[in-house]
Amino acid sequence: MPSLSNLLLPAVLFFVLGVIARIVKSDLRFPPDLAKVLSIYLLMAIGLHGGQALAQANLLIALSSVMWALIMGFTLPIIGYLILLASKRVGLLDAAAISAHYGSVSAGTFLTAIAYLDNAGIEHEKYPLIMLAIMETPAIVVGLLLAAKARQTIAARANKAGNTIDTTEVVSVPEDDEGDANNFSHLLRDALTNGSVIILIGSMIIGAIAIPSGMQKLTPFVDDIFMGVLCLFLFEMGHVAGRRLGDLRQVGFLLALFGIFMPVMGGILGVYIGTYALNFSIGGVTLVAVLAASASYIAVPPAMRLAVPEANPSYYLTLSLGITFPFNVIVGIPLFHKLAQLIAV
Amino acid sequence: MPSLSNLLLPAVLFFVLGVIARIVKSDLRFPPDLAKVLSIYLLMAIGLHGGQALAQANLLIALSSVMWALIMGFTLPIIGYLILLASKRVGLLDAAAISAHYGSVSAGTFLTAIAYLDNAGIEHEKYPLIMLAIMETPAIVVGLLLAAKARQTIAARANKAGNTIDTTEVVSVPEDDEGDANNFSHLLRDALTNGSVIILIGSMIIGAIAIPSGMQKLTPFVDDIFMGVLCLFLFEMGHVAGRRLGDLRQVGFLLALFGIFMPVMGGILGVYIGTYALNFSIGGVTLVAVLAASASYIAVPPAMRLAVPEANPSYYLTLSLGITFPFNVIVGIPLFHKLAQLIAV
Amino acid sequence: MPSLSNLLLPAVLFFVLGVIARIVKSDLRFPPDLAKVLSIYLLMAIGLHGGQALAQANLLIALSSVMWALIMGFTLPIIGYLILLASKRVGLLDAAAISAHYGSVSAGTFLTAIAYLDNAGIEHEKYPLIMLAIMETPAIVVGLLLAAKARQTIAARANKAGNTIDTTEVVSVPEDDEGDANNFSHLLRDALTNGSVIILIGSMIIGAIAIPSGMQKLTPFVDDIFMGVLCLFLFEMGHVAGRRLGDLRQVGFLLALFGIFMPVMGGILGVYIGTYALNFSIGGVTLVAVLAASASYIAVPPAMRLAVPEANPSYYLTLSLGITFPFNVIVGIPLFHKLAQLIAV
Amino acid sequence: MHKLYPEKLLNIITTDALEEKLVASFRKYGASGYTILRAQGEGSSGVRSDMTGFDANIMIKVIMPPDRLDAMLDSLERKINKGYHLTVFIVDVGVLSPEKFDERMR
Amino acid sequence: MHKLYPEKLLNIITTDALEEKLVASFRKYGASGYTILRAQGEGSSGVRSDMTGFDANIMIKVIMPPDRLDAMLDSLERKINKGYHLTVFIVDVGVLSPEKFDERMR
Amino acid sequence: MHKLYPEKLLNIITTDALEEKLVASFRKYGASGYTILRAQGEGSSGVRSDMTGFDANIMIKVIMPPDRLDAMLDSLERKINKGYHLTVFIVDVGVLSPEKFDERMR
Ligand SMILES: Nc1ncnc2c1ncn2[C@@H]1O[C@H](COP(=O)(O)O)[C@@H](O)[C@H]1O
Ligand SMILES: Nc1ncnc2c1ncn2[C@@H]1O[C@H](COP(=O)(O)O)[C@@H](O)[C@H]1O
Ligand SMILES: Nc1ncnc2c1ncn2[C@@H]1O[C@H](COP(=O)(O)O)[C@@H](O)[C@H]1O
Ligand code: NA
Ligand code: NA
Ligand code: NA
């Protein structure tokens, strides 16, 4: 059974250990910035790896992957937004900020999926790596658009109610006295030059163009210790997720359900896109599903703090970090793999 | 001669280099938290390693190891406390706080011993690893009990002297207005869920239950770079110990002697327990001796800050970090190995 | 063509990636102290490596290397100082502080050169490693002497002009009320016990005296992951250099030119010394040239902050970090290699 | 001129082992929030600047309405009397909107 | 006694995502410099102390001549009104030479 | 109300290369302790925020009895006159027990 073997992966076990440490109220504390260092390493390693493979990539498939990544990145938040609106659990701006996270991706989940496939001896295409890099951006953009829409709706409602709220404050993306502050193009540039994107895309290009003899010298760093570093990273992320899990009662049951529904829905969508639109192998399909299912907890939260400051960070952090992330790592990955197998038959 | 070869181990040489850097007043500075990151790694690595071996452990020997670990953890601080009282060099509460450190263990010393044995090609049992994890806790508990006892004695003396000291403040473990603050069960839970304990025990369990193919992928991280990381860790710890060495005059000659007597006494006890009670090989016996001989400088100091705030941290830090730690790393390990050989014959 | 293959080295590519991340204003941020940890590792690794080799070194060549290192360390700053005076672009004290940097060395550049040679399959002597360690110190000393000289000149000029400047403040190295503050012997000791020097020399000694079996266990840490760590280090240093590059307009065109002239001049000198005075192979000559050409951005800046507080740090940091460092990494190394080949013929 | 409202800024420097305990008491005594900075230092209990990540100092800042400060200080004084090493000082500060600091943390 | 000159110390606690933006406004409103400390904390927007290095808090200190403070505070208030989570407080400080804080950053 | 005793809080922001030297002078001028925070910043000597761990800023806090402050400030002023980049400011603070800050560091 795939689900069990998943739970016996060291990386997943360390994630669980991190959660447990929080539950038993251990005084375990990870040094500040350790997770950041580890994630820089992980992105570098995976990027170099992917870049080497992609040097011989088929341009057409690559472009098609990029296109589907964009489609998923734009569609998923809109679906999420509509569902949240229907649920009436959160305000419009909170809905915009939350759903933006689901268009983006979690590198930690993606890497766990790679460990899972590796361990099961399942091959996979490298194109999902490009998709990983691509999907950071559209989600942020669509989050901004949804927030702008939300502000319009709020202003409209206020006007109808004869309310005297200053509409200039809400109608548009708030314009700062520093001019460019949070206007659209500024935030778009931020999204495109996001640190993770730079590391991932940069490493992929380096992996593709660096001389082979030089790349070979990197193997022990990039390949051999990768799994160990991933374990340490997931250990700490489990610890972080564990704390957010404690905030569950703050978000409420229905919202928590949303944090499970979104990855399931996204995963299914991803399986279909991977199988029928991209024609990937089962390994590749699983990775596409994981991309669709996972929610960002690194790039999107600070972007939303800037772009939708009115939204409550507790909501989106608890959902993406405390619910969706553990769900995907523990349940989602083997589930999507199973689905990929079923559909492939 | 074992003692010489010990001094030529890279790990020990880096420790000495750290001490020297302090002596020559170099401006060498290790970044904050580096030691913490390294120790998380070291505990993970040693735990995973041990866990794999212990999956096939003999339950009876394991239980017997745990029992003897508990006995050592409870007995050594009491012996230390009595000696300190007899010496009349420090107050009762200082004596309680200092001696607690000697019931616990130093993972740095333990790992140096493993490097020493590895290098000499000497096999060793894995049970001492469980003992390492177990011994963090009892020492803290006995430290609390000794401090409670000390407070009673102080209160009794004060009463006799007709002194008007507020005895409610001293009789019991100080009760906070925040209620649970430092009551016994709270501190016991702290001891049991201590960060190092979680990492070590958690990694051992993961090492035991994770699927072998997954564990294999961890080998380069867990095994290959282990020695190098240990060198770096001991380099920094030598540097830290070197600073405490400078505080020697503050603790005085007799107290400093205590910092050497305790490991020698503990080491001898450990050799006997390892040989006769646990029937370990010479390698295993050496490790048991090192456990008994070493004093904690990671888990116990903050615990004592909380539980015995009246004690002067300079005393216990200088003793455990500035005297006992260097003594064990440089002299103790080869000495205990020699003793183990002598008794085994 | 050597210059091209240099640019395709992963380490150099990561340096360039770091610069680009700054240029596109990415929000990429490296955690504080990461570079420091990486440089501790790199110095340890290179030191252990060199030490092993130097255990069989020829004492005469070693001494001769040390002597030439001292000569370069003392001469280069004086040349630089005279050029800067002639250029009249900066004040006397700024000239002293800037030129001190060019007598010292950049470990990052040196390691990139080693990666370059490694990759091209070119052997090299290990003596340049000793020179690397030696050259940290004289540059700082000569910087102090030049600053003292500068202060005298300023005082003399002030006197001539009938100015009432308090000459006791400028004539000598400023004497603090804390006595030793920045007197000469104090600063000399600082230079000799500088952290990098301790790590490098210490590791070399350990590499030379540690037992071989112990050293062997360090190989994966010291050798295998070295190139990867160097890439990460250069990635961050490229990012840092990129920011300084932005300060270019502050230093002006002529001063920027100085930042390119000095390494070219130093490199040529180094090639001659390596070839004719030290009789090294082409690999060794290239390294000597890199030592002469590179400017310190780790040890010397803080030393100058202390010793020549009147100088503007923007000047020397921009020159050494923003101009000379990138120039050497990208252009200098293959250039000096080419020169070494030309002269060797 | 901007109108500034007076509040009290409570500063505590101590070992990071006390962090959880202190945060619990901020909650109890009605602070609206707190900020923690990592620190090193020296005082009557010796140098605390190993910077090894074990046993480090922290500096905590809590802005409080003046009328809630007293009970908070009592609690801190009790801790000090029990032997805990707390370096405590209070600063008068001005804030833009005092309501923010009236709301209690959940 | 040493003569000390009065200045205003502006303190801001917020997410590090706002760092660049705030620095730009310090420049605009004529600060001579600023200092940033990394922090963790809790407030109305929940706990911000993951210490994972992503999404951390910073505490910024800016010493300003009293007459430049007002415009700066206006700008901060506008940001707060837009929903940004800024904890702001002002402290009266004394400095040795006020000229240092009159010069504007480039 | 709690009685608070007045003390002076000396703040210094400078390069970490000066740390040892400044600590020596705190000892000389009778401080009972000090606290150091790591910082980054910008000022007249440009940006100091590489955060590479080399050449970083520190912010030092020293609580001192008012009568010892003057000599300390003289010493700092001498350093500034020699060209050292020290940003210095003093804050009035209240403490629970002034005796703590009267004892000199060993
Ligand atoms: N006079 C002081 N000025 C600033 N910080 C102090 C002072 N005294 C103590 N501290 C800080 O408070 C911590 C605990 O002090 P103590 O309880 O005196 O050992 C020290 O490690 C310092 O960080
Ligand atoms: N009363 C307070 N005292 C000290 N720091 C606070 C306080 N309230 C908020 N903060 C800090 O400001 C940050 C943002 O606060 P908030 O906007 O209330 O979420 C928190 O994470 C804390 O670091
Ligand atoms: N106006 C200011 N407000 C806050 N911090 C400052 C100010 N000016 C300078 N600093 C700090 O002091 C350091 C040295 O300043 P400077 O000597 O002006 O280069 C800077 O890097 C800042 O961290
Ligand atoms: Na997604
Ligand atoms: Na022990
Ligand atoms: Na040079």
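Residues numbered from 1 in each chain as written. Chains lettered and ligands numbered in written order. Predicted model: local features only at pLDDT ≥ 70, side-chain atom pairs only at ≥ 80, totals over all residues. Heavy atoms only, no water.

Draft legend 1. Region of interest: the coordination of the sodium ion (ligand 4). Residues and elements named next belong to chain A. Distances from the sodium ion (ligand 4) to its protein donors, Tyr102 (O), Ser104 (O), Leu291 (O), Ala292 (O) and Ser294 (O), fall within 2.4 to 2.8 Å. Coordination of the sodium ion (ligand 4) draws on donor residues from a single chain, spaced Y-x1-S-x186-L-A-x1-S in sequence. Of this pair, serine 104 sits in the loop between α5 (92-103) and α6 (107-120) while alanine 292 sits in helix α16 (residues 282-293), placing them 188 residues apart in sequence. For the pair formed by serine 104 and alanine 292, the shared burial category is buried. (Donors = N, O, S within 2.8 Å, 3.2 Å for Na, K, Ca; no water. Helix = DSSP H or I, 4+ residues; strand = E, 2+ residues; numbered from the N terminus. Buried < 20%, exposed > 50% of the residue type's maximum accessible area, 1.4 Å probe, protein only.)

Draft legend 2. How the structure looks around the coordination of the sodium ion (ligand 5). Residue and element names in this part refer to chain B. Around the sodium ion (ligand 5), the protein contributes the donor atoms Tyr102 (O), Ser104 (O), Leu291 (O), Ala292 (O) and Ser294 (O), which lie 2.4 to 2.8 Å from the metal centre. Mapped onto the polypeptide sequence, the residues donating to the sodium ion (ligand 5) form the spacing pattern Y-x1-S-x186-L-A-x1-S. Separated by 190 residues along the polypeptide, serine 104 in the loop between α5 (92-103) and α6 (107-120) and serine 294 in the loop between α17 (282-293) and α18 (300-307) bring together distant segments of the chain. The class for serine 104 is buried, based on a relative accessible area of 0%.

Draft legend 3. How the structure looks around the interface of chain A and chain B. Contacts between the two partners involve 28 residues from chain A, matched on the other side by 26 residues from chain B. Joining chain A to chain B, the criterion identifies five residue pairs in polar contact (both at pLDDT 80 or more). Of all the elements in the fold, those that place two or more residues in the side of chain A that touches chain B are α2 (10-23), α6 and α13 (226-245) of chain A. It is α13 of chain A that contributes the most residues to the side of chain A that touches chain B, six residues altogether. Its residues assigned to classes, the side of chain A that touches chain B comprises 19 nonpolar, four polar and five charged. (Contact = heavy atoms within 4.5 Å. Polar contact = N/O pair within 3.5 Å; in protein donor to acceptor, adjacent residues only side chain to side chain. Nonpolar A, V, L, I, M, F, W, Y, C, P; charged D, E, K, R; others polar.)

Draft legend 4. Structural view of the interface of chain A and chain C. Each partner contributes residues to the interface: chain A has 26 residues there, and chain C has 28 residues. Across the interface of chain A and chain C, roughly 2300 Å² is buried in total on both sides, 77% from carbon and sulfur atoms. Counting the surface chain A buries against chain C, the share from its top three residues, Ile206, Lys217 and Phe221 of chain A, is 22%. The tally of links between chain A and chain C comes to zero salt bridges. Applying the counting criterion to the chain A and chain C interface returns five residue pairs in polar contact (both at pLDDT 80 or more). Contributing elements (two or more residues each) for the side of chain A that touches chain C: α3 (34-54), α11 (195-209) and α12 (212-224) of chain A. Class assignment of the residues belonging to the side of chain A that touches chain C gives a composition of 15 nonpolar, seven polar and four charged. (Buried area = accessible area lost by both parts, 1.4 Å probe. Salt bridge = Lys/Arg side-chain N within 4 Å of Asp/Glu carboxyl O.)

Draft legend 5. Geometry of the site of ligand 1. Taken together, 19 residues form the shell around ligand 1, and within it Ser44, Ser45 and Thr87 of chain D together with Thr35 and Lys100 of chain F come nearest. The local environment of ligand 1 is shared, drawing residues from chains D and F. The backbone of glycine 33 of chain F places a nitrogen or oxygen atom 3.4 Å from a nitrogen atom of ligand 1. Take tyrosine 34 of chain F: an N or O atom from its main chain is 3.3 Å from an oxygen atom of ligand 1. Protein chains shield 99% of the accessible area of ligand 1, which is 480 Å² for the free molecule. Sorting the residues of the shell around ligand 1 by element identifies β2 (34-43) of chain D together with β2 (34-43) and β4 (57-64) of chain F as the ones contributing at least two each. Across the shell around ligand 1, the residue classes tally to five nonpolar, 10 polar and four charged. (Near = heavy atom within 4 Å. Areas by Shrake-Rupley, 256 points an atom, 1.4 Å probe, with all protein chains shown as cover.)

Draft legend 6. Quick peek at the side chain of arginine 151 of chain B. All names here are of chain B. Assignment of secondary structure puts arginine 151 in helix α8 (residues 136-160). A residue is classified by how much of its surface remains accessible, and arginine 151, at 0% relative accessible area, is buried. In terms of polar contacts, arginine 151 uses its side chain to reach the side chain of glutamate 310, at 3.0 Å.

Draft legend 7. Representation of the relation of the copies chain A and chain C within the structure. You can overlay chain A on chain C at an RMSD of 0.0 Å; the transform is a turn of 120° with a shift of 0.0 Å along its axis. Classification of the inter-copy transformation places it as that of a three-fold axis. Relative to the rotation axis, the C-alpha of proline 220 of chain A is the closest in chain A, positioned 4.8 Å from it. (Least-squares fit on C-alpha atoms with pLDDT ≥ 70 in both.)

Draft legend 8. Structural detail: the site of ligand 3. Among the 19 residues in the neighbourhood of ligand 3, the closest are listed as Thr35 and Lys100 of chain E together with Ser44, Ser45 and Thr87 of chain F. Neighbouring residues of ligand 3 are not confined to a single chain but are spread across chains E and F. In this structure, serine 32 of chain E approaches ligand 3 through a side-chain N or O atom, which is 2.9 Å from a nitrogen atom. In the model, an oxygen atom of ligand 3 is placed 2.3 Å from a nitrogen or oxygen of the serine 45 of chain F side chain. Among the elements of the structure, β2 (34-43) and β4 (57-64) of chain E together with β2 of chain F are those that each provide at least two residues to the shell around ligand 3. By residue class, the composition of the shell around ligand 3 is five nonpolar, 10 polar and four charged.

Draft legend 9. Molecular detail of the arrangement of the chains. Without any contact between them, chain C and chain D keep their closest C-alpha atoms 12 Å apart. Spatially, chain B and chain E are disjoint, and the shortest separation between their C-alpha atoms is 12 Å.

Draft legend 10. Fine view of the pairing of β2 of chain E. Within β2 of chain E, eight of the 10 residues are buried, which leaves it mostly tucked inside the rest of the structure. In this structure, β2 of chain D lies alongside β2 of chain E, joined through three bridges in antiparallel fashion. Residue pairing for β2 of chain E: threonine 35 of chain D is matched across the bridge by glycine 41 of chain E. Taken together, the five bridges between β2 of chain E and β4 of chain E define a ladder with antiparallel strand orientation. From the neighbouring strand, threonine 35 of chain E faces β4 of chain E, where its bridge partner is lysine 61 of chain E. In this sheet, strand β3 (residues 46-48) of chain E lies alongside β2 of chain E in antiparallel orientation, the contact comprising three bridges. (Pairing = 2+ DSSP bridges.)

Draft legend 11. Structural view of the pattern of salt bridges. One pass over the full model with this rule turns up 18 salt bridges over all chains. A salt bridge links glutamate 310 of chain A to arginine 151 of chain A; the shortest N-O distance between them is 2.9 Å. Remark: arginine 151 of chain A occurs in helix α8 (residues 136-160) and glutamate 310 of chain A occurs in the loop between α17 (300-307) and α18 (313-344); sequence separation between them is 159 residues. The structure contains a network of salt bridges with shared partners spanning Arg29 of chain A together with Asp16 and Glu19 of chain D.

Draft legend 12. Layout of the environment of histidine 101 of chain A. With respect to the helices and strands, histidine 101 of chain A occurs in helix α5. Apart from residues no more than four positions distant in its own chain, histidine 101 of chain A is found in contact with Ser294, Ala295, Ser296, Val300, Pro301, Met304, Tyr316 and Ser320 of chain A.

Draft legend 13. Representation of a negative patch on the surface within the structure. On the surface, a cluster of negative charge is contributed by Asp223 and Asp224 of chain A, Asp223 and Asp224 of chain B together with Asp223 and Asp224 of chain C. Contributions of two or more residues to the negative patch are made by α12 of chain A, α13 (219-224) of chain B together with α11 (212-224) of chain C. Position of aspartate 224 of chain C relative to the elements: it lies in helix α11. (Patch = residues over 30% accessible without salt bridge, like charges linked within 9 Å, V, L, I, M, F, W, Y side chains within 5 Å. Lys, Arg positive; Asp, Glu negative; His and termini not counted. Charge placed at Lys NZ, Arg CZ, Asp CG, Glu CD.)

Draft legend 14. Focus on the packing of aromatic side chains. For the coordinates displayed, the defined rule picks out 30 aromatic pairs over all chains. Pairing phenylalanine 14 of chain B with phenylalanine 235 of chain B gives two aromatic rings, centres 5.6 Å apart and planes at 50°, and the pair type is tilted. Of the two residues, phenylalanine 14 of chain B is situated in helix α2 (residues 10-23) and phenylalanine 235 of chain B in helix α14 (residues 226-245); the sequence distance between them amounts to 221 residues. By relative accessible area, phenylalanine 14 of chain B is classed as buried at 0%. For phenylalanine 235 of chain B, a relative accessible area of 0% corresponds to the buried category. One aromatic cluster in this structure is built from Phe14, Phe30 and Phe235 of chain A. Here the basic side chain of lysine 3 of chain D rests over the ring of tyrosine 5 of chain D, its NZ or CZ set 4.7 Å away from the ring centre. Its end group placed over the ring of phenylalanine 101 of chain D, lysine 100 of chain D keeps NZ or CZ at 6.0 Å from the ring centre. (Phe/Tyr/Trp six-rings, centres within 6.5 Å; stacked < 30°, edge-to-face > 60°. Lys NZ or Arg CZ within 6 Å of the ring centre and 35° of its normal.)

Draft legend 15. Expanded view of the side chain of serine 320 of chain B. Residues and elements named next belong to chain B. Secondary-structure assignment places serine 320 in helix α19 (residues 313-344). Only 3.4 Å separates the side chain of serine 320 from the backbone oxygen of serine 296, close enough to count as a polar contact. Residues in contact with serine 320, not counting those within four places in the same chain, are His101, Tyr102, Ala295, Ser296, Tyr297 and Phe325.

Remember, this is a structural readout, not a statement about activity or role.
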